[in-house]
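Each chain, letter by letter, is given below.
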Amino acid sequence: MPEALLTLDGVHTHIGPYHILHGVDLEVPAGGVAMLLGRNGAGKTTTLRTIMGLWKASAGTIRFHGRDIAGLDTPAIAKLGIAFVPEDMGIFTDLTVQENMMLAARSGAPDRPRLNWICDLFPPLRTFWHSPAGTLSGGQKQMLSVARAIIEPRALILIDEPTKGLAPAIIKAMTAALRQLKETDTTILLVEQNFSMARALGDTVAVMDDGRIIHEGDMADLSADAGLQERLMGLSLEAHQ
Amino acid sequence: MLVRIISGDMPRSRLLSLIVLVIGFSLLFAPFLFPGIKSLDTAARIAIFIVLVASYDLLLGYTGIVSFAHTMFYGIGAYGTALALDAWGPSFWAMGLGTLLGALVAAVLALLIGLFSLRVRAIFFAMVTLAIASAFAVLVSQMSAFTGGEDGLTYRIPRELTPAFRLMTDKILDVSINGRLLAYYLIFFCALVLFLVLLRIVNSPFGTTLKAVRDNSFRAEAIGYRVIWYRTGATVLSAVVAALAGSLLAIWLRYTGPATTLSMEIMINILLMVVIGGMGTMYGAVVGATIFILAQTYLQDLMGIASKATDGIPLLSELIAPERWLLWLGVLFILSVYFFPTGIVGRLRGEVK
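Residues numbered from 1 in each chain as written. Chains lettered and ligands numbered in written order. Predicted model: local features only at pLDDT ≥ 70, side-chain atom pairs only at ≥ 80, totals over all residues. Heavy atoms only, no water.

Undergrad: Quick rundown of the interface of chain A and chain B? Include the residues and the values.
TA: Contact with chain A, which involves 21 residues of that partner, is made by 16 residues of chain B. Considering only the surface of chain A that becomes buried against chain B, F92(A), L103(A) and R106(A) emerge as the three largest contributors, covering 31% of it. With a closest N to O distance of 2.4 Å, D73(A) and R226(B) form a salt bridge. Those elements that provide at least two residues to the side of chain A that touches chain B are α2 (74-79) and α3 (97-104) of chain A. It is α2(A) that contributes the most residues to the side of chain A that touches chain B, five residues altogether. Per-class residue counts for the side of chain A that touches chain B are 12 nonpolar, three polar and six charged. (Contact = heavy atoms within 4.5 Å. Buried area = accessible area lost by both parts, 1.4 Å probe. Salt bridge = Lys/Arg side-chain N within 4 Å of Asp/Glu carboxyl O. Helix = DSSP H or I, 4+ residues; strand = E, 2+ residues; numbered from the N terminus. Nonpolar A, V, L, I, M, F, W, Y, C, P; charged D, E, K, R; others polar.)

Undergrad: I'd like a description of the pattern of salt bridges, backed by residues and values.
TA: All names here are of chain B. Across all of its chains, the model carries 13 salt bridges over all chains by this definition. Residues D9 and R349 are paired through a salt bridge, measuring 3.6 Å at the closest nitrogen-oxygen approach. Here D9, found in the loop between α1 (2-5) and α2 (14-28), pairs with R349, found in helix α18 (residues 343-352); they are 340 residues apart in sequence, far enough to count as distant. Taken as a pair, D9 and R349 share a single burial class, namely buried. (Buried < 20%, exposed > 50% of the residue type's maximum accessible area, 1.4 Å probe, protein only.)

Undergrad: Explain the pairing of strand β2 (residues 18-29) of chain A to me, using residue names and the numbers behind them.
TA: With nine bridges joining them, strand β1 (residues 4-15) of chain A and β2(A) adopt antiparallel strand pairing. Among the inter-strand pairings, L6(A) is bridged to a residue of β2(A), identified as V28(A). (Pairing = 2+ DSSP bridges.)

This is the structure in structure tokens:
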């Protein structure tokens, strides 16, 4: 297995009086797509938000490139090269598509070839370049959210359920785009309920339940083992397709 | 050229363009179009309030921060100029230095308030600013030896800006070309420059980030923006511009007191002007301030005329009696908020869409 880019070691997170993460141990290898699976309420989104510093870890360490980032605030974590695509997409609805994109380009205007590559990945962005982002459809907003995360090369992208509530055609386009992104050097930690997409994209997988990681391994092994799927998630992957 | 001057922020509605142009030209030629002391005073107050309201819109409309300390910064600017002119005499350097010091004090205070208070939730920040503004007003009132207390300060301004100074012996279009006219144009052009600076700020990458912070502050943080710095930056810029507007008022009135700068009534008026004009639009400040001040100044006169005209109709003439002007001003505002929930500018731009 390649060297870990991100390592969570015994991470606990409390949200108000609720203890959500109960010692999460997770390794995300450099390069490729690491899937984070689990039932609703297992703690997947909280894990991503804790990595991003949006919730503070109450115990444990989070190492990125070997550096402990658990104590850093969110902007500092973002500047280290971690981008976050939240479940609610986090689009700035009053700004245009262009303004949304440029806002995420922290080191100046992006070069033309990269911008063209992104617009080729998500063609509707080119069409609605000067339109307010609030007027986009759900699928287009999701495309903008992912596009914004990759406007500059990032070492790690955290993506939370990018296909939630989207039409099959948009899911197909999103899967194709993420597959292309995977071919670059970017590492992706992807939370996803759509197992077809998980199987198509994932290299490694971690399964969460009740605020803990209960399984880590190769995605191919989990895909091939219906019994393991049944034991880990209560349902086989086929049942989720 | 014009597009560059207004930072590419077009009114985006023909009617709005026309309204803004009419207001702009009316203010530019006010001394010649509307001769008379009252009308010139109204024009100067409109110019000053456009800047004051626009600076508050930077805070409320563009950044989503509710502050009740805006009149405090306005007062700091006015008192800075007033105290300097009072202490050092009626010279341009005293006027300039007082204005500069007022703006500096406003910037430092806004920085401290921003850094210490903007981390809390919006409602608590609003309460903090209300408390600080109230404390400041009491302080100004109590330090009467220094500030003139409730009576305020009356002072002289450079002679070149007073009616006694004649630039030309002949009149142009029956208007004396004197220091008062110069003072008006000083106010007008300073207000114009400040408004264009604000327009430049909201259309810069900094302004785009402010809008992003207003839209979704968590997301802005996740992209790497330190929200607290941007909110504080907007607070400081808005305070400095409000202080400069206060200095313009101090120069125009040759009097500075709590009632003209620090009162809660002015704060509420600013809020109304922003809401009526349209939040987060800048042009809303132009429209809102103009309508509000015109209504405030002339509604009573208009009602007097209307009341006389309807003298024979008992109930109607009573209802529109000049002393009931505040009631009708209130009704006008309720109607404008009802019919223009996004402000007049928002509605006009919406019609274009």
